[in-house]
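Overview (structure and organization)
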Amino acid sequence: MLKYLIAVSEDMMVVAILIGLLYAWVERRFESGGRKFLNIGVIVGFAAAAVMSYLKNTTSLIHTGIWNMRIFIASTALLIVFLVFSIPKLREKLPAVSGKIVCTAAALLAALLLFYEMPDVFAYPYTIRQQGFESFFSTDYLFRFIGFLLGLALVVITFFSARYVGLRVTGTASTVFTVAALSINAIQQICKTLQTMLTRRIIKSNHTIFAIVKFTSNHSNLFIYGVLLCVVLLALVLWARSFHVAEPYNNPAQHRKIRAKRRLNRRWASVLLVCVLVMVLNLTLFTSIINRPVELSPAEEYVIEGDNIYVSLAQVEDGHLHRFAYVTPSNVETRFIVVKKPNSSAFGIGLDACDICGETGYYERDGQVVCKLCDVVMNINTIGFKGGCNPIPITYSISDGYIIVPLSALLEHEKDFR
């Protein structure tokens, strides 16, 4: 659950903030007319992202790096247009044209933000399903899908709170922090564009460009923190202003109405601050929890006689996961696991590797067998059969109180452990 909550929020939190601030900025100046432009942009962005998600996951037509580079270049150009035509003097000289240009640029910016981030988010339910779950209604699938939905809920709440706060602060504060957040995102996109150009040798590498690309790639979270800082300061400005009733009033009823509006402002500012706090926890504490390395249990002893490995049934009858390792003549450690199936005299036996996640292995958690890489819980009754994230089956036999595994069965799969 936590994995997909973090994934969705990391993908979409900055997008939600930027689009929320764009809505606030445009609505302050152009009211419903500007909002209509952005609504169209958001709809187009969602539709384009859905098509891109389908093409990415079902065809080989999409080269992600090239498409991202195009998106980043277009977004940077649109941001420049948005900023230039937002200059007050230019708006005064071209009042009719500049407004439409600003609204169109903002709408296209919102569309491109969604077009870049949403394809992966659309694919998450499909990605979860591909991890070997037998049914959409299995407990493990539902837990992960709930995490996905919670991530979306956090993103939606962040969008509405950023929009509300942007609408309620002063025009100067709204402009300053909106431009700052958009600029921080644009700088990251420019650095990613340079990285793609270097990788594809569109431009020649030099020390300065390489150093910039390396630093920004290794510290990508700094840009997220920069955008989060912008909305934190914006929320704090609104919070501070909410304690000062500067608006005139003629009677106590009007005064109460003003105070109620100020309380509402504080609540929305608080909601935005809580969303930012959750995002920071996602990037730090929660990420460290899900990325905490799992140590595989040590390999157990067995007996080799002739060309076979012998594992005593008494050694593996406790229902827990048991791991065994054999070092091939090529010095490659090949591992296999044995676990007794619940309410049965049968055993689940297979390699400590699968066709999807490779040789990362399995571990036991609360009596369940779990893939170390993708955290999928195995159905113990299906261990020994092909499919999904199940251990790769191997040849074995049971005789005279021993599980007998031919060395040839492990040598056959030596390549899976290289």
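Residues numbered from 1 in each chain as written. Predicted model: local features only at pLDDT ≥ 70, side-chain atom pairs only at ≥ 80, totals over all residues. Heavy atoms only, no water.

**A look at the pairing of strand E4 (residues 333-340)**
By the criterion of burial, E4 is predominantly enclosed, with six of the eight residues buried. The pairing of strand E3 (residues 322-327) with E4 spans six bridges and is classified as antiparallel. The partner of tyrosine 326 across the bridge, within E4, is threonine 334. Here E3 folds back onto E4 in antiparallel fashion, the turn holding five residues, of which asparagine 331 has a positive phi close to 65°. Relative to strand E5 (residues 347-351), E4 runs antiparallel, the two sharing five bridges. (Buried < 20%, exposed > 50% of the residue type's maximum accessible area, 1.4 Å probe, protein only. Helix = DSSP H or I, 4+ residues; strand = E, 2+ residues; numbered from the N terminus. Pairing = 2+ DSSP bridges.)

**A short note on a nonpolar patch on the surface**
A cluster of nonpolar side chains, contributed by Met1, Leu142, Phe143, Ile146 and Leu150, occupies part of the molecular surface with about 420 Å² of accessible area. Summarising the element assignment, leucine 150 is placed in helix H5 (residues 139-168). (Patch = residues over 30% accessible without salt bridge, like charges linked within 9 Å, V, L, I, M, F, W, Y side chains within 5 Å. Areas by Shrake-Rupley, 256 points an atom, 1.4 Å probe, with all protein chains shown as cover. Salt bridge = Lys/Arg side-chain N within 4 Å of Asp/Glu carboxyl O.)

**Some remarks on the pairing of strand E2 (residues 308-312)**
Alternating positions in E2 separate cleanly, Ile309 and Val311 being buried on one face and Asn308, Tyr310 and Ser312 remaining unburied on the opposite face. Across three bridges, strand E1 (residues 303-305) lies against E2 in antiparallel orientation. Following the sheet pairing, glutamate 305 is matched in E2 by asparagine 308. Counting the residues between successive antiparallel strands, the hairpin from E1 to E2 contains two residues, one of them, glycine 306, with a positive phi of roughly 65°.

**What about the packing of aromatic side chains?**
Enumeration according to the criterion identifies 14 aromatic pairs in this entry. When the centroid spacing of 4.9 Å and the interplanar angle of 65° are considered together, the rings of phenylalanine 72 and tyrosine 116 count as edge-to-face. Pair noted here: phenylalanine 72 is in helix H2 (residues 64-84) and tyrosine 116 is in helix H4 (residues 95-129), with a separation of 44 residues, a long-range link. Judged on exposure class, the residue phenylalanine 72 and its partner tyrosine 116 are both buried. (Phe/Tyr/Trp six-rings, centres within 6.5 Å; stacked < 30°, edge-to-face > 60°.)

**Examining the pattern of salt bridges**
For side chains bearing opposite charge, pairing can occur when the charged atoms are close. Applying the stated rule across the entire model yields five salt bridges. Across the pair arginine 163 and glutamate 27 runs a salt bridge whose closest N-O atoms are separated by 2.7 Å. On the criterion of sequence distance, the pair formed by arginine 163 in helix H5 and glutamate 27 in helix H1 (residues 2-58) is long-range, its members being 136 residues apart. Of the charged contacts in the structure, one is a salt bridge between glutamate 359 and arginine 335, with a shortest N-O distance of 3.9 Å. Residue glutamate 359 is located in the loop between E5 and strand E6 (362-365), and its partner arginine 335 is located in strand E4; the two are separated by 24 residues in the primary sequence. What makes glutamate 359 partly exposed here is its relative accessible area of 33%. Judged by its relative accessible area of 9%, arginine 335 falls in the buried class. Linked through salt bridges whose partners overlap, the residues forming this network are Arg323, Arg335, Asp352 and Glu359.

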